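Chain by chain, the residues run as shown.
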Amino acid sequence: MTDDPAHDDPFVTHRSLLFTVAYEMLGSAADAEDVLQESWLRWADVDRTQVRDPRAYLVRVVTRQALNRLRTLSRSREEYVGEWLPEPLLTSPDVAEDVELAESVSIAMLTVLETLGPTERAVFVLREVFELPYGEIAAATGKSAATVRQVARRAREHVAARRPRVRVSRSEQQAVVGRFLLALRTGQLDLLMEVLAPDVVMIADGGGQVLAALVPINGADSVAELLARANQVVAGFDTTPVWLNGAPAGRIEFDGEPSAVSLEVEDGRITRIYVVRNPQKLTRLDALSQLAR
């Protein structure tokens with residue numbers, strides 16, 4: 001038992017949900033935490049007796065704050081050095097039990113969501129991931145319910161055309177990740193070629209802070225050559241299997257500097273490699289993030 005009144009506060013009760021909403025809208029844990037802080041300050045000033053549904057009310061508050069943040073971030077992301085990738089989160093395997101949640105927070109899906117406008121992204125996340133009624137989404141976004149329905153349809157079509165085509169099982173993902181990490185660790189070019197799809201694309205995010213390719217690398221030959229060469233030019237090259245954003249992934253140490261690697265897999269081969277090297281985006285690799293719907 002606890003006598004702490006904050007323990008029963010709806011904001012505390014729903015914090016994992018609210019963080020997940022903000023993170024899916026922003027692709028950044030740091031920005032999501034800032035949004036939660038701003039939302040908490042607003043919640044602290046609310047007359048709770050006037051709030052009939054605290055969960056819905058808090059989701060509205062977080063959505064509005066996340067939309068404001070997303071609009072202010074647009075210019076900085078346009079000026080970002082190299083490719084911009086979402087901030088990876090260390091998660092437990094339990095997140096994968098909710099297949100829809102795991103897919104929605106995957107690096108692949110968050111990358112697709114970056115191609116939506118702020119309102120489209122908010123509507124898609126609230127409707128497709130959290131299954132909110134159109135009326136609640138309208139209240140959260142400041143749009144009419146009819147407009148929200150139209151935006152939701154456009155966003156669904158946009159995402160469907162760009163999302164990963166095949167959903168693979170956890171065991172297949174783990175097996176491919178294991179083979180990939182082994183190939184990296186041992187520098188076996190032939191093993192890398194076996195696990196890469198011919199048209200594989202590798203996207204790296206260094207943010208101008210560390211060495212990383214500034215444009216996507218296309219094709220198995222180019223990707224394998226680059227990865228095999230990386231093994232040869234650094235003194236230490238360690239790989240560890242981890243769970244990132246609800247899926248098996250890898251943590252790689254280049255001379256003690258961490259990187260997070262997420263993979264898209266189709267028919268037993270890797271079709272996309274996402275490498276996050278920007279140190280500012282790797283602060284969530286040592287502590288589990290709590291995600292919820």
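Residues numbered from 1 in each chain as written. Predicted model: local features only at pLDDT ≥ 70, side-chain atom pairs only at ≥ 80, totals over all residues. Heavy atoms only, no water.

Q: When you look at the overall build of the protein chain in this model, what are you seeing that I'm missing?
A: Helix and strand counts for the protein chain come out as 12 helices and six strands. Relative to its length of 293 residues, the protein chain is compact, with a C-alpha radius of gyration of 20 Å against a globular reference of 19 Å. Along the first, second and third principal axes, the C-alpha set of the protein chain runs to 65 × 45 × 35 Å. Expressed as a percentage of its 293 residues, the buried residues of the protein chain come to 51%. Summarising the internal contacts of the protein chain: among those between residues at least 6 apart in sequence, 69% fall at separations of at least 24. Considering the protein chain, the positive charge centre built from 33 side chains and the negative charge centre built from 42 side chains are found 7 Å apart. (Helix = DSSP H or I, 4+ residues; strand = E, 2+ residues; numbered from the N terminus. Rg over C-alpha atoms; globule rule 2.2 N^0.38 Å. Buried < 20%, exposed > 50% of the residue type's maximum accessible area, 1.4 Å probe, protein only. Contact = heavy atoms within 4.5 Å. Lys, Arg positive; Asp, Glu negative; His and termini not counted. Charge placed at Lys NZ, Arg CZ, Asp CG, Glu CD.)

Q: So what exactly am I meant to see when it comes to the packing of helix α2 (residues 15-26) against helix α3 (residues 29-44) here?
A: The axes of two packed helices give the description: the angle between them and the distance between them. The N-to-C vectors of α2 and α3 enclose an angle of 130 degrees; their axes lie 8 Å apart at closest approach. The orientation of α2 with respect to α3, classified from their angle, is oblique. Crossing hand, α2 versus α3: right-handed. Mapping the contact onto sequence places Arg15, Leu18, Phe19, Ala22, Tyr23 and Leu26 in α2 and Ala29, Asp31, Ala32, Glu33, Val35 and Leu36 in α3. Of the residues in the contact of α2 with α3, the class split is nine nonpolar, no polar and three charged. (Axes fitted to C-alpha atoms, helices over the stretch in contact; angles between N-to-C directions. Parallel < 35°, antiparallel > 145°, perpendicular 65-115°, else oblique. Left-handed = near helix turned anticlockwise from the far one by under 90°. Nonpolar A, V, L, I, M, F, W, Y, C, P; charged D, E, K, R; others polar.)

Q: Please explain the sheet that holds strand β1 (residues 196-205) as it appears in this structure.
A: Strand pairing in a sheet takes place through backbone hydrogen bonds and is either antiparallel or parallel in direction. Read across the sheet, six strands follow the order β2-β1-β6-β5-β4-β3 without closing on themselves; strand pairing throughout is mixed. Two strands close off the open sheet at either side, each with one partner strand: β2 (217-218) and β3 (237-244). Sheet topology note: the strand β4 (residues 247-254)/strand β5 (residues 257-266) ladder contains five bridges and is antiparallel. Of the residues in β5, the one forming a bridge with Phe254 is Glu257. (Pairing = 2+ DSSP bridges.)

Q: Honestly, the pairing of β4 in this entry has me stumped. Any pointers?
A: Regular strands place side chains that alternate from one sheet face to the opposite one. Counting buried positions along β4 yields seven of eight residues, so the element is predominantly enclosed. Where β3 lies against β4, eight bridges are found, and the strand directions are antiparallel. Within β4, the position partnered with Leu244 by the bridge is Ala247. Hairpin geometry of β3 and β4 is characterised by an intervening segment of two residues between the two adjacent antiparallel strands and by a positive phi of about 50 degrees at Asn245.

Q: What's the story with the layout of surface pockets in this structure? I'm lost.
A: Unfilled space is identified by rolling a water-sized probe across the atoms. Of the voids in this model, the second largest pocket is the one considered here, and its volume is about 450 Å³. In terms of lining residues, the second largest pocket is bounded by 22 residues, among which Leu211, Leu226, Ala230, Phe254 and Arg277 are the most central. For the lining of the second largest pocket, the secondary-structure elements that each account for two or more residues are α10 (170-186), β1, α12 (220-233), β4, β5 and β6 (269-276). Per element, the largest residue contribution to the lining of the second largest pocket is five residues, and it comes from α12. (1 Å grid on protein atoms, 1.4 Å probe; cavity = no way out; pocket = protein on both sides within 12 Å on 5 of 7 lines; lining within 4 Å. Points joined across faces, edges and corners; volume = space filled by probe spheres on them.)

Q: What's the story with the pairing of β1 in this structure? I'm lost.
A: A large share of β1 lies buried, amounting to eight of its 10 residues. Note that β1 and β6 share six bridges and pair parallel. Each bridged residue has a counterpart across the sheet, and for Val201 the counterpart in β6 is Arg272. Relative to β2, β1 runs antiparallel, the two sharing two bridges. Within β2, the residue paired with Val201 across the bridge is Asn218.

Q: Help me out: how do you make sense of unusual backbone geometry in this one?
A: Peptide bonds are, in most cases, trans, and in most cases residues other than glycine have a negative phi. Positioned with a positive phi, Glu131 is a non-glycine residue whose angle comes to about 55 degrees. The class for Glu131 is exposed, based on a relative accessible area of 58%. Not every positive phi belongs to a glycine, and Asp267 is a case in point at roughly 55 degrees. Here Asp267 shows up in the loop between β5 and β6.

Q: Just checking my understanding: could you explain the side chain of Thr141 for this structure?
A: Relative to the assigned elements, Thr141 resides in helix α8 (residues 134-141). Sequence-distant contacts of Thr141, that is, excluding residues within four places in its chain, are made with Thr63, Leu67, Ala122, Val123 and Val148.

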